[in-house]
Amino acid sequence: MRGTIVRMATAGKPRLVVLGTGWGGYAFLKSLSRTTLSQLDVKVVSPTTSFSFTPLLAQASCGTLDFRSALEPIHSTRGIAFHHAWCDALDLCRQRIEVTPASKPEFRPADPLSPANPTSPARAQEAARTYSIAYDYLVVAVGSYNATYGTEGVKENALFLKDVSDARAIRWKILSAFESTNAAFSQPLSNEDEDQVRARLGFVVVGGGPTGAEFAAELHDLIRQDLTKLYPHLARLASIKLLDAGKSILSSFDRGLAEYAMQKFARDGIEVVLNARINSVTDQGVWVQNPHGGAELTRAGMVVWSTGITAAPIVKALKGVAKEDRSQKWLTDAKLNLLVHKTARDRGEISGNIHHPTPDKEEGDVVPMTNVWAIGDCSSQATPLPATAQVANQKGSYLASVFNASPTNPTAQQPFKFKDKGSMASIGSNEALIDSPVGKDKGALAWLLWRSAYTIMAMSWRNRFLVPANWASNLLFGRDVGRF
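Residues numbered from 1 in each chain as written. Predicted model: local features only at pLDDT ≥ 70, side-chain atom pairs only at ≥ 80, totals over all residues. Heavy atoms only, no water.

Under an unreviewed UniProt entry, the name given to the protein is NDE2, mitochondrial exteRNAl NADH dehydrogenase, and the source organism is Pseudozyma antarctica.

See below:
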């Protein structure tokens, strides 16, 4: 099927193509009115078939929530045609994209830690089924990738926490560590055995932002409240370390709230290591640089990497567009239209292919491309905004309002304005932090507000029911500690 082109829509409807189903893309799709959907031929391209509600992934990875409570199926959005595919190339002058199907012909392995063989004949055959989709309007919301900063061994030996599949792999790894350790050592444990158990049940979280801190807190609660009952002789030897390269964890929060979290973690036995420079990650643990210039091994049975983000391959590959120097994010104007170099546009050379990247040294005047918009972590503006779900969500809703006002001639009348609603983070043991323009709070009341807010923020009524139902079930019966 290489070379096949999905032609323009029939019945005279303009075609709108949306790349990505993260916070920006999904908010955009959910906010489109029925009238808008009826007047456009909407096609969605994404390598994932669901939207992951990232604030709840830490809980899903530790059994506090069912995985289904943290995701929304893309197919539930009516009035769209969904393409489960990767975007390999863009040609913005000829108005078409090239995609490769992301669905796997083989069955998914039972163990999420054992990915399918990418070099199998079935994968090679599928890779050849590239096809093109033409568009009239294009919304790019491809998000970002986990940043490893070139640290050796991260991709091979660490786990990330960016979507539901990551949460499933982490839960599998945690429970497998306890089950296999219990099977390998008989009671009572000798001193030598205890050292080996500590290595197996050492959990290291790299990155002290909201995701890393929340995961460390959830893992602590899982071990203390549930796994201690199943493995009392092992749980006492488990440890959690939170490593961060900065001077504080939760640096985006008020200093007093961040210090409160540090004190809370110290009471819970979560060891926080600041100014930590990671040299490499191996199957034995994390090598951390010491003050003398050498490195010391922090032994771990599982490493979760949550340090930041980097631009997606297709964002890096596209030439002829204005980009931030360091992050390589695309730049947009105040109305979220993609900014491109005028000379590249006039030559018809605004394109890119992740398989055949070319250097982009284009300079000169930039102009907006009026039928292309970029939202979410793949883009930025003259005044950068934080790369958060809140920003992407608001950009998606704003852009949907532009289309709803005039589906066949979407032109923004007012620029996008971000309204900061603050930040929230759970720190375990029924406590949370709230840092908002309205006020700051911490402790049990903040935790109740945190749970209420995320119940309301769920993207569907189904999940507004499932999330509190899961919490109530855990309160009565404990967490789900099964692997599947």
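The discussion continues.
Quick notes on the pairing of strand β14 (residues 278–282)
On a regular strand, each side chain points to the face opposite its neighbour's, so the side chains alternate between the two faces of the sheet. Let me state the cut-off plainly: A pair of strands counts as paired when DSSP detects no fewer than two bridges linking them. Strands here are runs of E lasting at least two residues and helices are runs of H or I lasting at least four, both read from the DSSP assignment and numbered beginning at the N terminus.
Inspection of the sheet shows β14 paired to strand β15 (residues 285–289) by four bridges, in the antiparallel sense. By the bridge assignment, S280 is partnered in β15 with W287. Hairpin connection of β14 to β15: two residues between the antiparallel strands.

Observations concerning the environment of V315
Note that V315 resides in helix α11 (residues 313–317). Sequence separation of V315 and W330 is 15 residues, and the distance between their C-alpha atoms is 7.1 Å.

Quick notes on the confidence of the model for the protein
The line we're drawing: The pLDDT value tells you how sure the predictor is about a given residue, anywhere from 0 up to 100. Contact between two residues is taken to exist if any of their heavy atoms lie within 4.5 Å; hydrogens are not considered.
Per-residue confidence for the protein gives a mean pLDDT of 91, with 93% of residues at or over 70. Per-residue pLDDT stays below 50 along residues 117–127; that stretch engages in 16 contacts with residues further than four places along the chain or on separate chains.

As for unusual backbone geometry
In plain terms, the rule: The rule is simple: take the accessible area with a 1.4 Å probe, protein chains only, and divide by the maximum for that residue type; under 20% is buried, over 50% is exposed, in between is partly exposed.
Here the amide bond leading from Q187 into P188 is cis, since omega sits at -5 degrees, within 30 degrees of zero. Even without being a glycine, Y149 presents a positive backbone phi close to 55 degrees. Summarising the element assignment, Y149 is placed in the loop between β10 (144–146) and α5 (154–157). By relative accessible area, which is 60% here, Y149 ends up exposed.

Re the packing of helix α6 (residues 164–184) against helix α8 (residues 210–230)
For any two helices packed against each other, one specifies the crossing angle of their axes together with the interaxial distance. In plain terms, the rule: Between N-to-C directions, angles span 0 to 180 degrees; the directions come from axes that are lines fitted to C-alpha atoms, helices contributing only their stretch in contact. Roughly parallel here means an angle under 35 degrees, roughly antiparallel means over 145, roughly perpendicular means 65 to 115, and every remaining angle is called oblique. Handedness of a crossing follows from how the near helix is turned relative to the far one, being left-handed for an anticlockwise turn of less than a right angle and right-handed for a clockwise one. All amino acids are sorted into three groups, where Ala, Val, Leu, Ile, Met, Phe, Trp, Tyr, Cys and Pro are nonpolar, Asp, Glu, Lys and Arg are charged, and the leftover types, Gly among them, are polar.
Following both chains from N to C, one finds α6 and α8 inclined at 40 degrees, their axes separated by 13 Å at the closest point. Classed by the angle they form, the pair α6 and α8 counts as oblique. Remark: the crossing between α6 and α8 carries right-handed chirality. Residue-level contacts link I170, I174, L175 and F178 of α6 to F215, L219, L222, I223 and L227 of α8. Residues of the contact of α6 with α8, tallied by class, amount to nine nonpolar, no polar and no charged.

Section: the pattern of salt bridges
Selection criterion: By definition, a salt bridge exists where a carboxyl oxygen of Asp or Glu is found within 4 Å of a side-chain nitrogen of Lys or Arg.
Per the counting criterion, the structure on display carries 15 salt bridges. For D195, the salt bridge identified is with R198, shortest N-O distance 3.9 Å. Of this pair, D195 and R198 both sit in helix α7 (residues 191–200), three residues apart, which is roughly one turn of that helix. By relative accessible area, which is 38% here, R198 ends up partly exposed. When salt bridges with common partners are traced through the structure, they connect E194, D195, R198 and R236 into a single cluster.

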